[in-house]
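Chain by chain, the residues:
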Amino acid sequence: IPNPPTPPDPPEGINTIEPADFTLSPNHAKGIVTLKCTEIIQGSVEIVDMQGKVWSKKSLADHHTEFDVSTLPAGTYLVCVTTEKGTTTKKLSIE
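As the structure is a computational prediction, the values presented were derived from the model and not from experiment.

**Overview of the overall build of the protein**
Along the protein, the regular secondary structure elements total zero helices and seven strands. Listing each helix as α and each strand as β along the protein from the N terminus yields β-β-β-β-β-β-β. Counting the 95 residues in the protein, one finds 28% classified as buried. Relative to all contacts within the protein whose residues are 6 or more apart in sequence, the contacts with residues 24 or more apart total 50%. Summed over all atoms, the accessible surface of the protein reaches about 6,500 Å², with 53% contributed by carbon and sulfur.

**Let's talk about the sheet that holds strand E6 (residues 75-83)**
Taken together, four strands build an open sheet; the order of strands is E4-E3-E6-E7 and the sheet is antiparallel. Two strands close off the open sheet at either side, each with one partner strand: strand E4 (54-60) and strand E7 (86-94). Between one strand and the next, the sheet's axes are offset by a mean angle of 20 degrees, whatever the strand orientation. Pairing of E6 with E7, which is carried by nine bridges, proceeds in the antiparallel orientation. Bridge pairing links glycine 75 to isoleucine 94 in E7.

Rules used throughout
- Residues numbered from 1 in each chain as written.
- Predicted model: local features only at pLDDT ≥ 70, side-chain atom pairs only at ≥ 80, totals over all residues.
- Heavy atoms only, no water.
- Helix = DSSP H or I, 4+ residues; strand = E, 2+ residues; numbered from the N terminus.
- Buried < 20%, exposed > 50% of the residue type's maximum accessible area, 1.4 Å probe, protein only.
- Contact = heavy atoms within 4.5 Å.
- Areas by Shrake-Rupley, 256 points an atom, 1.4 Å probe, with all protein chains shown as cover.
- Pairing = 2+ DSSP bridges.
- Axes fitted to C-alpha atoms, helices over the stretch in contact; angles between N-to-C directions.

Now the structure itself:
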């Protein structure tokens with residue numbers, strides 16, 4: 001019985017694609033929160049509460065952006081950065 005054919009290799013770079021890496025500061029915020037990415041990316045940024053309500057959404061076409069969170073209720077939120085490479089989510093505490 002012959003062996004089945006070997007599938008072709010994936011296109012070059014397909015295994016190295018990773019979602020955006022970013023930092024948030026400060027991460028016990030009361031006013032302005034700065035999001036900084038390790039590279040210039042194009043995509044969107046959302047601040048979402050733990051019930052799934054989107055409180056803020058922005059386009060991202062640089063390596064940083066700022067959010068005014070002073071009007072958001074205190075609590076834990078998720079900051080989601082979505083690009084063509086995928087979505088990265090981090091927690092943000094608002095006092």
